[in-house]
Amino acid sequence: MMAKHGTDEPAAHSDRRGFLKATLAGGLAAAGATTVLAQGKPAAVAPPGPNPKNQPPKVADWSRYLGDGVTDHPYGMPIKYESHVVRKTVEWLTADRQSSINFTPLHALDGIITPNGLCFERHHGGAAEVNPVDYRLMIHGLVDKPLVFTLEDLQRFPRTNKIHFLECAANSGMEWRGAQLNGCQFTHGMIHNVMYTGVQLKHLLNEAGLKPKAKWLLVEGGDAAGMNRSLPLEKALEDTIVAWKMNGEALRKEQGYPVRLVVPGWEGNIWVKWLRRIEVGDMPWLAREETSKYTDLMADGRSRKFTFYMDAKSIVTGPSPETPLKVKGRNVISGLAWSGRGTVTRVDVTIDGGRNWQEARIDGPVLDKSMVRFYVDFDWDGRELMIQSRAHDQTGYVQPTKDELRKVRGVNSIYHNNGIQTWLVRSNGETENVEIG
Ligand code: MTE
Ligand code: CO
């Protein structure tokens, strides 16, 4: 038996500060304020100042001297001017760094692919360092032939490449009772979108041979948390992938090196990292992470069982608290949308708090259970704005407002908050996380 470590998902039980913030925000809303401001300031990023000596018609320094040789950085890193584009954690959210999270800097990215070094991390027992020569994946239970695969064994099966988003069920979970953290990164950054290379799980299951009673799988990680979840066989056979590469290179240690499960469109928790064991059974296991955690507590005190799908959601990544508007006139509103139930078919954007909506321009690939990038090109006259976005998916589902969500779910939930985000852009361009009350 492996010891089970790990605390609640960070947003689960707010500590004193979280609780105070929630109470404060809730109180303001109850008092009938039109907007509820989030607490805290966005991280200050000081760009290097301009130097007229390097600007036309002068010949800049970088044109006058030779640059660096090629061997300085055998593994390339972003230039120093981009060193603020990093994952960030919120120290007080969790008790320790082994059971913690950091957040993807969504506000600083464009397109739909998250670079490997910027993918948010979520660990329940720290990031295991697995030596690939010792790596094994065991498949047993209701199978004809229990099997143990090495990494090289897995790599001899037919391969697939798929781009999918992974969103933690707790993403935006701090916002159930009102606007909280004043940043796009901290509020919505528990998501990444990556191209995975691996083998479809159905090939491995066919190799082992499923017994007729097989209905559910237990998928288990090899980290100290031994994190495990029950996966319906139907999903395992449909599109689940056993992956060893992300964006072309080996998985990062923190993303589950050497092998993780990719469960397209479903909550991040079931995407088991450092995958070591798959047991085939006829019932769900009702593991810790699908009973006491990762269930949605409803207003009447009952819990929803298995909320696997991540419903359609979108966010404007710029302007945002970290990327305020700087000039009047020509500007670009940029954002991301995704749906766990298929493709995003349309994104609407409003700049007046929902009175008028216009269809955003989706640019770049539109793929199944992947992020899409959208833009609205607009002229800013310097007026205060309330910017929101709203995603539609192929099932006809439309992203709800936070109040619509609360009507169905109450405010006891942590997980699966896909309500519409509002950014208030002040006339000086500063942007804040607010809620329209
Ligand atoms: N798998 C193992 N073995 N251990 C973990 O702690 N965390 C889960 C999931 N898989 C976890 C795990 C959770 S809650 C999420 S949201 C995703 O991994 C996060 O994946 P990432 O770290 O690649 O962002
Ligand atoms: Co998670």
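None of the values given here were measured: they were computed from a predicted structure.

Enquirer: It is not clear to me how helix α5 (residues 201-208) should be interpreted in this structure. Could you clarify?
Expert: Since the α-helix packs 3.6 residues into each turn, any two residues three or four apart lie on the same face. For α5, the full list of buried residues reads L201, L204, L205 and A208. Projected down its long axis, α5 shows its buried positions confined to an angular sector of 100 degrees, all on one face. Where α5 ends, the next residue or the one after it, G209, has phi of about 80 degrees, a positive value.

Enquirer: Mind showing me how you'd approach the pairing of strand β22 (residues 385-393) here?
Expert: For a regular strand, side-chain orientation follows a simple rule: the groups alternate between the two sheet faces. For β22, a buried count of eight out of nine residues is recorded, marking the element as mostly surrounded by other parts of the structure. Sheet analysis places strand β18 (residues 344-350) next to β22, joined by six bridges and oriented antiparallel. Counterpart to V344 in the pairing with β22 is D393.

Enquirer: I keep staring at the site of ligand 1 and nothing clicks. Help me out?
Expert: Neighbouring ligand 1 are 22 residues, the closest being F120, H124, D223, R260 and K273. Contact distances for ligand 1 include 2.7 Å between an oxygen atom and a backbone N or O atom of H124. Residue H192 places a side-chain N or O atom 2.9 Å away from an oxygen atom belonging to ligand 1. Summarising the interface, the protein chains cover 100% of the accessible area of ligand 1, which totals 540 Å² for the free molecule.

Enquirer: Just to check I follow, could you spell out the pattern of salt bridges for this structure?
Expert: It is possible for side chains of opposite charge to pair when their charged atoms get near one another. Taken as a whole and assessed by the stated rule, the structure comprises 33 salt bridges. Where D239 meets K369, a salt bridge forms, and the shortest distance between an N and an O atom there is 3.3 Å. Taken as a pair, D239 in the loop between α6 (233-238) and β10 (241-246) and K369 in the loop between β20 (361-362) and β21 (372-380) lie far apart in primary sequence, 130 residues in all. The exposure classification of D239 matches that of K369, with both residues buried.

Enquirer: Could you clarify how one ought to interpret the sheet that holds strand β16 (residues 313-318) in this entry?
Expert: Sheet strands pair by backbone hydrogen bonding; their relative direction is either parallel or antiparallel. Strand order in the open sheet made by the four strands is β16-β17-β21-β20, with antiparallel pairing throughout. Looking at which strands have only one partner, the edges of the open sheet turn out to be β16 and β20. Two elements, β16 and strand β17 (residues 329-338), share five bridges in a ladder whose sense is antiparallel. Within β17, the position partnered with V316 by the bridge is G335.

Enquirer: What exactly am I supposed to notice about the nonpolar core here?
Expert: As a rule of thumb, soluble globular proteins bury nonpolar side chains together. Within the largest apolar cluster, 59 residues are counted, with the highest numbers of intra-cluster contacts made by L201, L204, L217, L231, V242 and L275. Tallying contributions element by element places β10 first for this core, with five residues. Discounting chain neighbours no more than four positions away, the residues touching L275 are Y135, R136, L137, V219, E220, G221, V242, V259, R260 and L261. Of all hydrophobic cores here, the second largest spans 29 residues; its members include I112, V347, F374 and I387.

Enquirer: Would you mind showing me how to read the sheet that holds strand β9 (residues 228-232) here?
Expert: Strand order in the open sheet made by the five strands is β5-β4-β13-β8-β9, with mixed pairing throughout. Every interior strand has two partners, whereas the edge strands, β5 (147-149) and β9, have only one. Across this sheet, the average inter-strand angle for adjacent strands is 20 degrees, counted without regard to direction. Direction of pairing for strand β8 (residues 216-221) relative to β9: antiparallel, over a ladder of five bridges. Bridge pairing in β9 links E220 to N228. In this fold α5 packs onto β4 (137-141), β5, β8, β9 and β13 (275-281), with an angle of close to 55 degrees to the strand it touches most, β4.

Enquirer: Any chance you could explain the packing of aromatic side chains here in plain terms?
Expert: Geometrically, a pair of aromatic rings is defined through the distance of the ring centres and the angle of the planes. All told, the structure shown has nine aromatic pairs when counted by the stated rule. Ring geometry for W266 versus F308: centroids 4.3 Å apart, planes at 5 degrees, classification stacked. Here the residue W266 occupies a position in the loop between β12 (260-262) and β13, and F308 occupies one in the loop between β15 (303-304) and β16, the gap between them amounting to 42 residues. When sorted by exposure, W266 lands in the same class as F308, which is buried.

Enquirer: Sorry, what's going on with the environment of H192 here?
Expert: With respect to the helices and strands, H192 occurs in strand β7 (residues 191-200). Once the C-alpha coordinates of H192 and F103 are considered, the two residues, 89 residues apart in sequence, prove to be 9.5 Å apart. Ignoring any residue separated from it by four or fewer positions in sequence, one finds H192 in contact with T104, T114, C119, F120, H164, F165, L166, Q255 and R260.

Enquirer: What exactly am I supposed to notice about helix α7 (residues 402-409) here?
Expert: Turning to α7, its buried residues are K402, L405, R406 and R409. Projection of α7 onto a plane perpendicular to its axis shows the buried side chains occupying an angular sector of 100 degrees, all on one side. Of the residues in α7, the exposed ones pointing more than 90 degrees away from the buried face are K407 and V408. Buried positions along α7 lie against β14 (296-297), β15 and β24 (431-436). Count one or two residues on from α7 and you reach G410, which has phi positive near 75 degrees.

Enquirer: Please clarify how the environment of G419 should be interpreted in this entry.
Expert: Take G419: it is sitting in the loop between α7 and β23 (422-425). Assessed through its relative accessible area of 6%, G419 is described here as buried. As for G419 and S314, which are separated by 105 residues in sequence, their C-alpha atoms are 8.7 Å apart. Contacts of G419, omitting those with residues within four sequence positions, involve Q399, P400, T401, K402 and L405.

About the cut-offs
- Residues numbered from 1 in each chain as written.
- Chains lettered and ligands numbered in written order.
- Predicted model: local features only at pLDDT ≥ 70, side-chain atom pairs only at ≥ 80, totals over all residues.
- Heavy atoms only, no water.
- Buried < 20%, exposed > 50% of the residue type's maximum accessible area, 1.4 Å probe, protein only.
- Helix = DSSP H or I, 4+ residues; strand = E, 2+ residues; numbered from the N terminus.
- Arc of directions from axis to C-beta.
- Pairing = 2+ DSSP bridges.
- Near = heavy atom within 4 Å.
- Polar contact = N/O pair within 3.5 Å; in protein donor to acceptor, adjacent residues only side chain to side chain.
- Areas by Shrake-Rupley, 256 points an atom, 1.4 Å probe, with all protein chains shown as cover.
- Salt bridge = Lys/Arg side-chain N within 4 Å of Asp/Glu carboxyl O.
- Core = buried A, V, L, I, M, F, W, Y, C linked by side-chain atoms within 4.5 Å.
- Contact = heavy atoms within 4.5 Å.
- Axes fitted to C-alpha atoms, helices over the stretch in contact; angles between N-to-C directions.
- Phe/Tyr/Trp six-rings, centres within 6.5 Å; stacked < 30°, edge-to-face > 60°.

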